[in-house]
Amino acid sequence: MKLSSDVTGDIAAKKTTPGSYEWWYFDAGDDKGAYHIVVIFYEGCPFSPRYMSSYRKRPHHPDALASQHPAVSISVYHHGVPIHYSFTQFSPFDAEFNHHKVKLRIGNHSMEALHDGDQTAYSIRLDERLPDGTQFNAILRFSSPQPNNKLWESEQSSGTSHFWNLPQAASKVKGVLSISRDGRKEKPIVFDGTGYHDHNIGAEPMDQAFTDWYWGRVHFNEGTLVYYLLNLKGDTQWRAWWITVDNQRIETKAVNIRTDATLRNMFGLSADTRFTFTFPERTVELVMRKTIDSGPFYYRFLSDAESFDTTGELTERTNGISEYIRPGNIGLRRFWPLIKMRLRYADKRPNLVQRFRSLYKLTW
């Protein structure tokens, strides 16, 4: 995996290989521990059955390219319970990806990187109306010192066509979220917390590059734990780093990583839910406390973390978001009807599940 920590690396890439993909990922938790939000912008949505059908059946057709399959997913949780979910694939004619600066628009959603001295801020605007009558709007700003673009000079890995850019291991997040249902507006959520942003590019279909992948982040007072446990086809890359709060330096990296406590969901997807990261200066125990998203190929967890010093004394408790994906399951056609219940095509009539809130919530 190629690693970077550079805002200019967030500029949309030109993707010419069928099945390639790109996403810009943002998550944040409020300071009170009540709300979490995850927003992902895609060019070439790797979870779209429409996209998979295109590059499998007609790899030389323009529809097999990432540019034809933009999408946005939004998840909002209150104490680990989803209160809003949307996943929409848009027409390529309703999306703009700037290849000269960090700026994009998909439908009525937008993201742009702004600079002020040595500070970088990502401005996000979300505007989604679902077929069930739900209207979701948000304005969010992820602010942090500009990342050190030499952060990963000694950390490059080989063996995969995946590019991972980490401009914001930790950022301050402020904004307002608004949800209305059938015209009845709920009390706005004023958001003030800590966030994370990364950017991923794959030059080939995801299931061709790796078998499965754990990744996550936990914000401590003294730094941020960022990890990925990547099981490639024929190789293993397990990495974890302790990054300073100003995003300028990798203070240390894990010398040992252990996992156990396997969980299996109703779709037969199994994943480990307890991790131990051993650093020279500390040990971090990470437990997936609550499953907040579960499907045929993907888990998202709220995770509890404890940091211990070299004497074994507990120094801090906190929480974060952890995820797991098994790409091979995405391409199994028996799961596509379930994916299509969640994933809405903006240029098509919504299916029955998406038109009724009581049914659509069952897919969350």
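First things first, this report covers the structure right here in the doc. Bear in mind the structure is a predicted one, so any value in this text is a computation, not a measurement.

## Some words on unusual backbone geometry
For residues that are not glycine, phi is negative in most cases, and the peptide bond is trans in most cases.
1) Next: Of note, H79 is a non-glycine position whose phi angle comes to about 50°, a positive value.
2) Next: By secondary structure assignment, the location of H79 is in the loop between β4 (70-78) and β5 (81-89).
3) Next: The exposure class assigned to H79 is exposed, which follows from its relative accessible area of 52%.
4) Next: Even without being a glycine, D182 presents a positive backbone phi close to 55°.
5) Next: Locating D182 in the fold gives a position in the loop between β11 (162-181) and β12 (184-185).
6) Next: The partly exposed category is assigned to D182, whose relative accessible area is 46%.

## Brief notes about the side chain of T88
1) Next: Looking at where T88 falls in the secondary structure, it is placed in strand β5.
2) Next: You can call T88 buried: its relative accessible area is 0%.
3) Next: A distance of 3.0 Å separates the side chain of T88 from the side chain of E128, its partner in a polar contact.
4) Next: In contact with T88, other than residues within four places in its own chain, are P70, A71, V72, E128, L343, R344 and A346.

## Remarks on the environment of V176
1) Next: Topologically, V176 is positioned in strand β11.
2) Next: Taking the C-alpha atoms as reference points, V176 and K32, 144 residues apart in sequence, are found 15 Å from one another.
3) Next: If sequence neighbours within four positions are ignored, V176 has contacts with N137, A138, I139, P188 and I189.

## Quick word on the packing of aromatic side chains
1) Next: As enumerated under the stated definition, the model contains 31 aromatic pairs in all.
2) Next: Relative to F301, the ring of Y299 has its centre 5.2 Å away and its plane inclined at 20°; by these criteria the two rings are stacked. Accessibility classification places Y299 together with F301 in one group, the buried group.
3) Next: Aromatic ring contacts, followed pair by pair, group Y21, W23, Y42, F47, F87, F210, W213, W215 and F297 into a single cluster.
4) Next: In this arrangement the basic side chain of R217 is found over the ring face of Y196, its NZ or CZ atom lying 4.4 Å from the centre.
5) Next: One cation-aromatic arrangement involves R342 over Y85; the distance from NZ or CZ to the ring centre is 4.5 Å.

## A few points about the pattern of salt bridges
1) Next: Enumeration over the complete set of coordinates arrives at 22 salt bridges.
2) Next: The salt bridge involving R217 is made with E323; its shortest N-O contact spans 3.3 Å. One end of the pair, R217, is in strand β14 (residues 210-219); the other, E323, is in strand β22 (residues 314-325), with 106 residues separating them in the sequence. E323 matches R217 in its accessibility class, with the two residues each being buried.

## Notes on the sheet that holds strand β18 (residues 256-264)
1) Next: Spatially, nine strands are ordered β17-β16-β15-β14-β22-β21-β20-β19-β18 in an open sheet, and the strand pairing comes out antiparallel. For this open sheet the edge positions go to β17 (250-253) and β18, each flanked by a neighbour on one side alone. Each strand of the sheet is rotated relative to its neighbour by a mean of 20°, with strand direction disregarded.
2) Next: Sheet topology note: the β18/strand β19 (residues 270-278) ladder contains eight bridges and is antiparallel. Among the inter-strand pairings, R258 is bridged to a residue of β19, identified as T276.

## Some points on the environment of I339
1) Next: Structurally, the position occupied by I339 is in helix α3 (residues 336-342).
2) Next: Look at I339 and you get buried, because its relative accessible area is 7%.
3) Next: For I339, the contacting residues outside a window of four places in its chain are F47, P49, F297 and I330.

About the criteria used
- Residues numbered from 1 in each chain as written.
- Predicted model: local features only at pLDDT ≥ 70, side-chain atom pairs only at ≥ 80, totals over all residues.
- Heavy atoms only, no water.
- Helix = DSSP H or I, 4+ residues; strand = E, 2+ residues; numbered from the N terminus.
- Buried < 20%, exposed > 50% of the residue type's maximum accessible area, 1.4 Å probe, protein only.
- Polar contact = N/O pair within 3.5 Å; in protein donor to acceptor, adjacent residues only side chain to side chain.
- Contact = heavy atoms within 4.5 Å.
- Phe/Tyr/Trp six-rings, centres within 6.5 Å; stacked < 30°, edge-to-face > 60°.
- Lys NZ or Arg CZ within 6 Å of the ring centre and 35° of its normal.
- Salt bridge = Lys/Arg side-chain N within 4 Å of Asp/Glu carboxyl O.
- Pairing = 2+ DSSP bridges.
- Axes fitted to C-alpha atoms, helices over the stretch in contact; angles between N-to-C directions.

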